[in-house]
Amino acid sequence: MIEIKNVSKAYVKHKNVIENMNLTIEDGQIFGFIGPNGAGKTTTMEMLTGILDIDEGEILIDGINIEKNPIEAKKQFGFVPDSPDAFEKLTGIEYLNFVADVYEVDQKTRFEKITKLAKGFGIYDSLKERVQSYSHGMKQKIIIIGVLLHNPKNWILDEPMTGLDPKASFQLKELMKEHSKKGNTVFFSTHVLEVAEKICDKIAVIDKGTIKFVGTCEELREKWKSNSSLEDLFLKIIEE
């Protein structure tokens with residue numbers, strides 16, 4: 001479970017980027033986080049993961065405060081950032097082994113997971129090549145594989161499908177579904193509203209640092225008394 005309680009963040013004094021945010025992502029949910037560019041999605045995720053300090057409020061990962069106990073909190077999640085930055089001088093397999101070492105994944109488990117995931121994402125034959133030679137999509141895949149190696153209970157994914165080919169995107173969506181069915185949490189941001197509509201148990205719409213809606217797509221349609229697509233409803237919320 002991920003809990004965001006009364007969280008605010010400002011980059012400039014007296015001008016909040018995130019305004020008094022309250023959000024709970026329950027276990028067993030795929031939770032979509034949607035909003036226009038500059039709405040505060042990445043800022044929220046960087047506070048969730050301890051990259052950015054929180055100005056006000058608190059964030060709990062499975063009951064562990066990300067600021068007061070950052071190491072323990074970070075053990076509870078895997079994070080895919082919006083930019084697939086890895087150690088580019090390493091080969092793919094060196095990078096994955098490095099990540100596995102950090103999270104103390106044993107040799108048998110890492111071998112099985114790397115093999116399964118790399119083959120599933122179609123980059124197994126490229127693991128001995130340097131990451132700097134990878135395309136954007138391949139870098140995204142290697143980052144995702146690294147995040148999943150230690151089997152984190154909570155997945156925090158910032159635009160995870162950007163740059164992925166259709167097969168890899170499908171594979172990731174299936175992994176997200178499997179993960180949530182086991183009682184785990186998936187919290188991801190996306191601009192692809194069709195994906196959010198199809199796989200999310202709940203969504204949150206954010207605009208200008210403020211949560212405008214939290215609930216299911218059905219609840220959103222009931223609120224607007226409309227059978228429109230999530231894309232159409234999203235545009236109405238933002239315009240309002």
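Higher on the page you've got the structure.
Residues numbered from 1 in each chain as written. Predicted model: local features only at pLDDT ≥ 70, side-chain atom pairs only at ≥ 80, totals over all residues. Heavy atoms only, no water.

Enquirer: Sorry, what's going on with the overall build of the chain here?
Expert: Scanning the chain from terminus to terminus reveals nine helices and ten strands. For the C-alpha atoms alone, the extent of the chain along its principal axes is close to 50 × 40 × 30 Å. A separation of at least 24 residues holds for 65% of the contacts in the chain among residues at least 6 apart in sequence. Just so you have it, the chain exposes about 12000 Å², and 49% of that area is on carbon and sulfur atoms. Of the charged side chains in the chain, 32 are positive and 38 negative, and the gap between their average positions amounts to 3 Å. (Helix = DSSP H or I, 4+ residues; strand = E, 2+ residues; numbered from the N terminus. Contact = heavy atoms within 4.5 Å. Areas by Shrake-Rupley, 256 points an atom, 1.4 Å probe, with all protein chains shown as cover. Lys, Arg positive; Asp, Glu negative; His and termini not counted. Charge placed at Lys NZ, Arg CZ, Asp CG, Glu CD.)

Enquirer: Looking at this model, I keep getting lost on the environment of I238. Mind explaining?
Expert: Examined against the element boundaries, I238 turns out to sit in helix 9 (residues 230–239). Judged by relative accessible area, I238 falls into the partly exposed class, the value being 25%. On a C-alpha basis, the gap between I238 and P36 in space is 8.3 Å, while along the polypeptide they are 202 residues apart. Beyond its immediate chain neighbours, meaning those up to four positions away, I238 contacts P36, V205, I206 and D207. (Buried < 20%, exposed > 50% of the residue type's maximum accessible area, 1.4 Å probe, protein only.)

Enquirer: Where do I start with the side chain of T43 in this structure?
Expert: Tracing the backbone shows T43 in helix 1 (residues 41–48). Apart from the residues within four sequence positions on either side, T43 is in contact with K9, Y11, V17, I18 and L52.

Enquirer: Explain the sheet that holds strand 1 (residues 2–12) to me, please; I cannot follow it from the model alone.
Expert: If you trace the four strands from one edge of the open sheet to the other, you get 2-1-4-5, paired in antiparallel fashion. With partners counted over all chains shown, the strands left at the sheet margins are strand 2 (15–25) and strand 5 (64–65), one partner each. Here seven bridges tie strand 1 to strand 2, and the two strands are oriented antiparallel to one another. In the sheet register, I4 faces strand 2, and the bridge partner there is L23. Against the sheet, helix 1 contacts strand 1, strand 2 and strand 4 (56–61), and its axis sits at roughly 115 degrees relative to strand 1. (Pairing = 2+ DSSP bridges. Axes fitted to C-alpha atoms, helices over the stretch in contact; angles between N-to-C directions.)

Enquirer: I would appreciate a short explanation of helix 8 (residues 217–224) in the present structure.
Expert: Since the α-helix packs 3.6 residues into each turn, any two residues three or four apart lie on the same face. Within the span of helix 8, buried status applies to C217, L220 and R221. Take helix 8 and look down its axis: the buried residues cluster within an arc of 100 degrees, on one side only. What points out from helix 8, more than 90 degrees from its buried face, is the exposed set E222 and K223. Buried residues along helix 8 sit in contact with helix 7 (193–199), strand 9 (202–207), strand 10 (210–215) and helix 9. (Arc of directions from axis to C-beta.)

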